[in-house]
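Observations on the model geometry
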Amino acid sequence: MDKDFEKNTSDSPKKAENIVEKMDDNKKTNQQNEQKVNFEQTARLRVIKSEDIESTRKGKKVSNKMIRKPMKMSSIYKKKYLILWLTVLFVFIIAYQFVKVKDIDFIKLDNVISKKIDFATVEKGDDLTLRKLYGISKIEVERYILYAPKSNMDANEILVLKCKPEYADSIMNRIQNRVDSQSNSFKNYAPAQYEILSKSELSKKGDYIYFISYKDVNVINNAIKNSYK
């Protein structure tokens, strides 16, 4: 009994020390775990805060829904812009068909006009006639057709020409000067010719200039319309 009692008595301090050590170890482990949790929470907070700051700069919130919405909106806008672009292109193509200047087949026009006009009052003009009546040089034009009056007191004349672009406005002014000069001449001395000239047409479309002074302007206009390529 005494020996067992002494043995138990001697072992008790050791057991007590072991228990205290285990308690200290458990306490340290718990503290380490708490610190680890705190570190993880702090890291998460830092990550979230950095994302908040970055998203705030860009004007966005940190949310999956908010991030996906711009992607959906962008695809919608792309479709709208594509439809708008195609619509504008289609309108432009249609409008261009009405605005573009058609080329004239001068050989065909010459044949058609020669069958419609009265050669008793007009004759086919050449480069010399073109310079004499309008002050226009051959080098200023690409193609032309001229039916000039046989007499200075006749108002019937037809000129259709395609100008070189740099001369178009100048040629238009020179033809207008002839119209004004002839009008002044016919006004008091040849009323019938003055009436023809007063109903004449002078127009410019692109590089083409049309001067039609004829007793039936519509006949010449129809000939021109039927001579487009």
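Here goes a summary of the coordinates provided. (Residues numbered from 1 in each chain as written. Predicted model: local features only at pLDDT ≥ 70, side-chain atom pairs only at ≥ 80, totals over all residues. Heavy atoms only, no water.)

Below, the discussion takes up the environment of Tyr144. Secondary-structure assignment places Tyr144 in strand 2 (residues 141-149). Tyr144 sits in the buried class, given a relative accessible area of 19%. As a C-alpha pair, Tyr144 and Lys162 span 18 residues in sequence and 6.2 Å in three-dimensional space. In contact with Tyr144, not counting residues within four places along its chain, are Phe106, Asp126, Asp127, Leu130, Val160 and Leu161. Engagement of the side chain of Tyr144 in a polar contact is seen with the backbone oxygen of Asp126, the distance being 3.5 Å. Within the local environment of Tyr144, its side chain forms a polar contact with the side chain of Asp127, the two groups lying 2.4 Å apart. (Helix = DSSP H or I, 4+ residues; strand = E, 2+ residues; numbered from the N terminus. Buried < 20%, exposed > 50% of the residue type's maximum accessible area, 1.4 Å probe, protein only. Contact = heavy atoms within 4.5 Å. Polar contact = N/O pair within 3.5 Å; in protein donor to acceptor, adjacent residues only side chain to side chain.)

Moving on, we get to the packing of aromatic side chains. Counted according to the given criterion, the structure contains three aromatic pairs. Centre to centre, the rings of Phe119 and Tyr147 are 6.0 Å apart; their planes meet at 65°, and the pair counts as edge-to-face. Note that Phe119 is positioned in the loop between helix 3 (106-116) and strand 1 (122-124) and Tyr147 in strand 2, a separation of 28 residues in sequence. Its relative accessible area of 36% is what places Phe119 among the partly exposed residues. (Phe/Tyr/Trp six-rings, centres within 6.5 Å; stacked < 30°, edge-to-face > 60°.)

Here the focus is the pairing of strand 2. Burial analysis of strand 2 places seven of its nine residues in the buried class, the great majority of the element. As judged from the three bridges shared by strand 1 and strand 2, these two strands associate in the antiparallel manner. If you follow Glu123 over to strand 2, its bridge partner there is Ala148. As judged from the six bridges shared by strand 2 and strand 3 (residues 157-163), these two strands associate in the antiparallel manner. Residue pairing for strand 3: Ile145 is matched across the bridge by Val160. (Pairing = 2+ DSSP bridges.)

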